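Next come the chains, spelled out residue by residue.
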Amino acid sequence: MRRLKLAILISGRGSNMEALLKAIAADLDFPATPVLVASNKPDAPGLEIADAADVPTVALDHRDYGKDRAAFEKELDDELRRSGTEIIALAGFMRVLTPWFVSRWEGRMINIHPSLLPKYKGLDTHQRALDAGDSEAGCTVHWVNSGVDDGEIIAQARVPILRGDTEDTLAARTLIAEHMLFPEALKIACAKILKR
Ligand code: GAR
């Protein structure tokens, strides 16, 4: 069975990355195999989780490149090519990518976002859902295009907003849904690429 070589990009905790690695380890038929975890922050806790799972890691500190986003992305792109990456999962990767990078990976890059897109693109999604008085929130996995949190939706999961919810309680409930949704959405994305 053909498995796509998967790179996961993170910036921090890495719980969604861990959910992907666990789902892949638990399923012999999973259509992807991890070849690289890359972080734009050298102190991202997720890097240790990836190390412990024996997945190669690379940390490229975006601050070393100052305002030169292109140089940072060129280096990242080189690492991805060296690893043989065929599909990228953005798992809490908090850098906006330039059109150059997106066009190089378009159709092969997915992102998880903690809202029911198209609602609440960008940051502070949980607080914005609470402020709006919404009765439900959720998460979305989508193909990445050159807009921010804007590409075609692959899958979504909904969670209720409960009386007394705070940003933290809603984020925690949504995160559980993210961890279930992301592996399923990755499978769908892999199937689409493999069919091409
Ligand atoms: C997750 O909630 C993810 O959806 C969000 O960052 C968190 C990362 O947590 N991503 C975005 O907001 C991207 N726009 P994690 O590092 O534990 O996976």
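The rules behind these values
Residues numbered from 1 in each chain as written. Predicted model: local features only at pLDDT ≥ 70, side-chain atom pairs only at ≥ 80, totals over all residues. Heavy atoms only, no water. Core = buried A, V, L, I, M, F, W, Y, C linked by side-chain atoms within 4.5 Å. Buried < 20%, exposed > 50% of the residue type's maximum accessible area, 1.4 Å probe, protein only. Helix = DSSP H or I, 4+ residues; strand = E, 2+ residues; numbered from the N terminus. Contact = heavy atoms within 4.5 Å. Pairing = 2+ DSSP bridges. Axes fitted to C-alpha atoms, helices over the stretch in contact; angles between N-to-C directions.

Undergrad: Mind laying out the nonpolar core, listing which residues take part and the relevant values?
TA: If you look at the biggest cluster of nonpolar residues, it comprises 40 residues, and the most contacted ones within it are Ile8 and Ile110. Here this core takes nine residues from helix H6 (residues 167–195), the largest share from any one element. Setting aside anything within four residues of it in sequence, one finds Ile110 in contact with Ile88, Ala89, Leu90, Val141, His142, Trp143, Val144, Ile154, Phe182, Leu186 and Ala189. In this structure, Ala7, Leu80, Leu90 and Phe101 belong to the second largest nonpolar core, which totals 19 residues.

Undergrad: Now, about the environment of Arg82: what can you tell me, with residues and values included?
TA: Within the secondary structure layout, Arg82 lies in helix H3 (residues 69–83). Taking the relative accessible area as the measure of exposure, Arg82 reaches 59% and is therefore exposed. Counting along the chain gives 105 residues from Arg82 to Lys187, while the straight-line C-alpha distance between them is 23 Å.

Undergrad: Before we move on, can you summarise the sheet that holds strand E2 (residues 32–39) with the specific residues and values?
TA: The sheet built from seven strands is open, its strands ordered E3-E2-E1-E4-E5-E6-E7 with mixed pairing. With one partner strand each, in any of the chains shown, strand E3 (57–59) and strand E7 (153–160) form the two edges of the open sheet. Each adjacent strand pair in this sheet contributes to an overall mean axis angle of 20°, direction not counted. Running at roughly 155° to strand E1 (residues 4–10), helix H1 (residues 15–25) makes contact with E1, E2, strand E4 (87–90) and strand E5 (109–113) of the sheet. Along the sheet, H3 makes contact with E1, E2, E3 and E4, crossing E2 at roughly 155°.

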